[in-house]
Amino acid sequence: MQNNQGNLWQNVMDQVKTWARVNSPWAIHFNSGSCNGCDIEILATLTPRYDMERFGVKLQGSPRHADILICTGPVTRQARERLIRIYEQMPEPKFVVAVGSCALSGGAFQGCYNVEGGIDQVLPVNAYVPGCPPRPEAIIDGLVKLLQALDNGTMPEPITLKPGVAVPSKSGNPA
Amino acid sequence: MQSKIDKFTIPIGPQHPALKEPGHFEFSVDGEIVTDASVRLGYVHRGIEKGTEGRNWVQSLYLLERICGICSHVHATAYCLGVEKLAGVEVPPRAQAIRVLVAELERVHSHMLWLGVAAHEAGFDTLFMYSWRDRETVMNLLEGITGNRVNYSANVLGGVKCDISAEQDEAIRQGVDFLEERTRHYLEVVTSDMMFLRRTRGVATTPKAQARELGLIGPTGRASGISHDVRVDAPYAAYDIYPVKLITATAGDLEARFIVRINELFESYRVIRQILDTLPEGELTVRMPRRIKEGETVSRVEAPRGELFYFIKSNGTDTPERIKVRTPTLPNMASVLVLAIGHQLADIPMILTGIDPCFSCNDRMVVVKDSGGDNRAMTWEALRQYGIEYYR
């Protein structure tokens, strides 16, 4: 009986947390070697024509306050450690959105000596937004898909190829 | 009793709200006043110059275009002009005019982007939002002409891939009219808003002599009275048919940089209209050989941030032998470190944004080899011979 009540309480708390998370996710943006093209499109999503804030998404300066890490660009050897450090500074649960062809696979920079490949070579990625660069509409669509999956509990496991960090044990909820 | 105050160092970056791109700065402060500054760059170094050596001439165009997403067209233009010069190909006048048209539209988008970001760093978010809203007009025009908002790939080797139809002509004219009216408003705002002027007037003042010493180029240098603009000094593409007026200021502070960039917008609008009025008829491309004749060339264009320099060497095959890129941010970056000293820490984001930095353009690799006290003066010819011997 005690156990049941505990579970009920936990479920209610989880629902409240998910509700809050879906309605006001804070995002942090890191450029790990991008050409700026995706960065200016991400900035454009914040400005009046696209206005990502109507979904509650706010771009945040510190990784310690952020729920979503928006990554652009391929991972360069110099930026790799920083990318991992920023990811590890974020509180659980945390989600990664890779924006742009380079973040997906290295894009045009495949084979360049200082490029390690896409974001999923380093971090577990939850959502991919393709394009060179993706249109602001596509970036918003990617984020909204992520939030919807979070809302109805259909979030797939994050994709990792060669993770440099500990992968969250269960998607959405801390271990 | 006076205690010795230790130097306090504030690290900024590579991830920081004031930086849109990764770069690492360290500022030593005494209270709020910056006493020393250093920078570490290279977080977005990808190895593009080497990458071109493994790609053919056409593939390299698309790789080089992605050096910078903001000024991708000028990178492609510089590369195409150089390769066409090597191949001895004459590009049709209509293609050259469209190149200039897209370059000027790109300058409009870049300067408006900078205006917004600089206003944001000053805490003037209203201007940021307004200028980015209006910037969408020029993004629409670029998308209408080329099919993509950023990284448009308007250039191909031997010409351009997109034409200007009658509807596009009309749309560009309307867009430019709207932007000109808005730009007039922005000029009024940045020169009359007292709050904003407190952040810009007299901040990071660079007299002409110091600007020359620091090697400032582009609008940053022109704000200090350095009369240098590749479009005027060495007209390329169709700039000899559509001449540009050189815009300079003398004050050298951040306010002057705002005024120079905004006045350049008016100049761009004028050139865009002039091109539309007198767009020559004809072909868009000429046939380019797959293998480019052996030789080396230098190509210079005026990017929104200053002089962009390409060295291109061909060995007669279908891949480039060597491509060297010198982008305008690197010479300007040094000025940030010098100008920061003596300013309030709160002014640093403004000083950094004042040069319109572009880290992704910036992060080229240079190997500096310690000569071990062997300092020699060399003539250009001797240096060249030395270089050839060294890399043999």
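Now for a quick tour of the structure. Note that the coordinates shown come from a computational prediction; the quantities given were computed from them, not determined experimentally.

Scoring rules and cut-offs
- Residues numbered from 1 in each chain as written.
- Chains lettered and ligands numbered in written order.
- Predicted model: local features only at pLDDT ≥ 70, side-chain atom pairs only at ≥ 80, totals over all residues.
- Heavy atoms only, no water.
- Helix = DSSP H or I, 4+ residues; strand = E, 2+ residues; numbered from the N terminus.
- Rg over C-alpha atoms; globule rule 2.2 N^0.38 Å.
- Contact = heavy atoms within 4.5 Å.
- Areas by Shrake-Rupley, 256 points an atom, 1.4 Å probe, with all protein chains shown as cover.
- Axes fitted to C-alpha atoms, helices over the stretch in contact; angles between N-to-C directions.
- Parallel < 35°, antiparallel > 145°, perpendicular 65-115°, else oblique.
- Left-handed = near helix turned anticlockwise from the far one by under 90°.
- Core = buried A, V, L, I, M, F, W, Y, C linked by side-chain atoms within 4.5 Å.
- Buried < 20%, exposed > 50% of the residue type's maximum accessible area, 1.4 Å probe, protein only.
- Patch = residues over 30% accessible without salt bridge, like charges linked within 9 Å, V, L, I, M, F, W, Y side chains within 5 Å.
- Salt bridge = Lys/Arg side-chain N within 4 Å of Asp/Glu carboxyl O.
- Polar contact = N/O pair within 3.5 Å; in protein donor to acceptor, adjacent residues only side chain to side chain.
- Nonpolar A, V, L, I, M, F, W, Y, C, P; charged D, E, K, R; others polar.
- Pairing = 2+ DSSP bridges.
- Expected span 1.5 Å × (residues − 1).

1. A closer look at the overall build of chain A
Part 1: The helix and strand inventory of chain A stands at five helices and seven strands.
Part 2: Taken from the N to the C terminus, the helices and strands of chain A come in the order α-β-α-β-β-β-α-β-α-β-β-α.
Part 3: Here the C-alpha radius of gyration of chain A, 17 Å, is about what a compact globule of 175 residues would show, namely 16 Å.
Part 4: Along the longest, intermediate and shortest principal axes, the C-alpha atoms of chain A span 60 × 35 × 25 Å.
Part 5: Sequence separation of 24 or more characterises 81% of the internal contacts of chain A that already satisfy a separation of 6 or more.
Part 6: Total accessible area on chain A is roughly 7,800 Å²; 52% of this is exposed by carbon and sulfur atoms.

2. Section: the packing of helix H4 (residues 93–121) of chain B against helix H11 (residues 254–277) of chain B
Residue and element names in this part refer to chain B.
Part 1: Taken N-terminus to C-terminus, the directions of H4 and H11 make an angle of 155 degrees; their axes are 9 Å apart at the nearest point. By the angle between their directions, the pair H4 and H11 is classed as roughly antiparallel. Between H4 and H11 lies a crossing of left-handed hand. Judged by residue contacts, Ala97, Val100, Leu101, Glu104, Leu105, Arg107, Val108, His111, Met112, Trp114, Leu115 and Ala118 of H4 engage Arg257, Phe258, Arg261, Ile262, Glu264, Leu265, Ser268, Tyr269, Val271, Ile272, Ile275 and Leu276 from H11.

3. Looking at the nonpolar core
Part 1: In this structure, Ile68(A), Phe25(B), Tyr79(B), Ile172(B) and Tyr310(B) are the most contacted members of the largest nonpolar core, which totals 141 residues.
Part 2: Top contributing element to this core by residue count: H4(B), with 16 residues.
Part 3: Dropping the residues within four chain positions of it, Phe25(B) is found in contact with Ile10(B), Pro11(B), Ile12(B), Leu19(B), Ser38(B), Val39(B), Met333(B), Leu337(B), Leu352(B) and Phe359(B).
Part 4: Formed by 19 residues, the second largest nonpolar core is a distinct cluster that contains Tyr87(A), Ala103(A), Ile119(A) and Leu123(A).

4. With respect to a nonpolar patch on the surface
Part 1: On the surface, a nonpolar cluster with roughly 670 Å² of combined accessible area is contributed by Leu8(A), Trp9(A), Val12(A), Met13(A), Val16(A) and Trp19(A).
Part 2: Mapped onto the elements of the fold, Val16(A) is located in helix H1 (residues 2–23).

5. Comments concerning the side chain of Arg149(B)
Part 1: By the element assignment, Arg149(B) lies in the loop between helix H5 (125–146) and strand S4 (155–156).
Part 2: The class for Arg149(B) is buried, based on a relative accessible area of 1%.
Part 3: Of the polar contacts made by the side chain of Arg149(B), one reaches the side chain of Glu41(A); its length is 2.7 Å.
Part 4: Among the polar contacts listed, one links the side chain of Arg149(B) to the side chain of Tyr50(A), at a separation of 3.2 Å.
Part 5: Once you skip the residues sitting within four places of it in the chain, Arg149(B) turns out to touch Glu41(A), Ala44(A), Tyr50(A), Arg135(A), Pro136(A), Glu136(B), Met139(B) and Glu143(B).

6. What about the packing of H4(B) against helix H6 (residues 166–192) of chain B?
Residue and element names in this part refer to chain B.
Part 1: Put simply, H4 and H6 touch, their axes get as near as 12 Å, and they point 35 degrees apart. With respect to the hand of their crossing, H4 and H6 are arranged in left-handed fashion. Taking contact as the criterion, the partners of Leu101, Val108, Met112 and Leu115 in H4 are, on H6, Ile172, Leu179, Tyr186 and Val190.
Part 2: Broken down by class, the residue content of the contact of H4 with H6 amounts to eight nonpolar, no polar and no charged.

7. Structural notes on the interface of chain A and chain B
The parts lose accessible area when they come together, and the size of an interface is often stated as this lost area.
Part 1: Contacts between chain A and chain B engage 39 residues on the former and 44 residues on the latter.
Part 2: Our enumeration of links across chain A and chain B arrives at three salt bridges.
Part 3: For the salt bridge of Glu41(A) with Arg149(B), the shortest nitrogen-to-oxygen distance reads 2.7 Å.
Part 4: Taken together, chain A and chain B are joined by 16 residue pairs in polar contact (both at pLDDT 80 or more).
Part 5: In terms of residues, the side of chain A that touches chain B owes the most to one element, helix H2 (residues 37–46) of chain A, which gives seven residues.
Part 6: Of the residues belonging to the side of chain A that touches chain B, the class tally is 21 nonpolar, 13 polar and five charged.

8. A short note on the sheet that holds strand S3 (residues 33–40) of chain B
Residue and element names in this part refer to chain B.
Part 1: What the three strands build is an open sheet, ordered S1-S2-S3; its pairing is antiparallel. Here the strands that pair on one side only, and so sit at the sheet edges, are strand S1 (8–12) and S3. With strand direction ignored, the average angle separating the axes of adjacent strands in the sheet is 20 degrees.
Part 2: By the bridge criterion, seven bridges tie strand S2 (residues 24–30) to S3 in an arrangement that is antiparallel. Considered in S3, the bridge of histidine 24 is made with arginine 40.
Part 3: Each of S2 and S3 is contacted by helix H12 (residues 329–340), which is oriented at about 160 degrees to S3, the strand it contacts most.

9. Points about H5(B)
Part 1: For H5(B), built from 22 residues, the straight-helix expectation of 32 Å at 1.5 Å per residue is met to within 8% by its first-to-last C-alpha distance of 31 Å.
Part 2: Looking one or two residues beyond H5(B), the residue adopting positive phi is Gly147(B), at roughly 95 degrees.

10. A word on the side chain of His73(B)
All names here are of chain B.
Part 1: Looking at the secondary structure, you find histidine 73 in helix H3 (residues 72–87).
Part 2: For histidine 73, a relative accessible area of 1% translates into the label buried.
Part 3: Excluding anything up to four places from it in sequence, histidine 73 contacts Arg99, Val102, Ala103, Glu106, Tyr152, Ala154 and Asn155.

11. Description of the pattern of salt bridges
Residue and element names in this part refer to chain B.
Part 1: Enumeration over the complete set of coordinates arrives at 36 salt bridges over all chains.
Part 2: Salt-bridge contacts for arginine 99 lead to glutamate 84; the nearest nitrogen and oxygen are separated by 2.8 Å. Here arginine 99, found in helix H4, pairs with glutamate 84, found in helix H3; they are 15 residues apart in sequence, far enough to count as distant. Of the two residues examined, arginine 99 and glutamate 84, each falls in the buried class.
Part 3: Among the ionic pairs, aspartate 356 bridges to arginine 305, the shortest N-O distance being 3.4 Å.

12. Brief notes about the pairing of strand S8 (residues 320–326) of chain B
Residue and element names in this part refer to chain B.
Part 1: With six bridges joining them, strand S7 (residues 306–314) and S8 adopt antiparallel strand pairing. When the sheet's bridge partners are listed, phenylalanine 311 is paired in S8 with lysine 324.
Part 2: The turn joining S7 and S8, which pair antiparallel and follow one another in sequence, is formed by five residues; a positive phi near 90 degrees is taken by glycine 316.

None of the figures reported here should be taken as evidence of function without further support.
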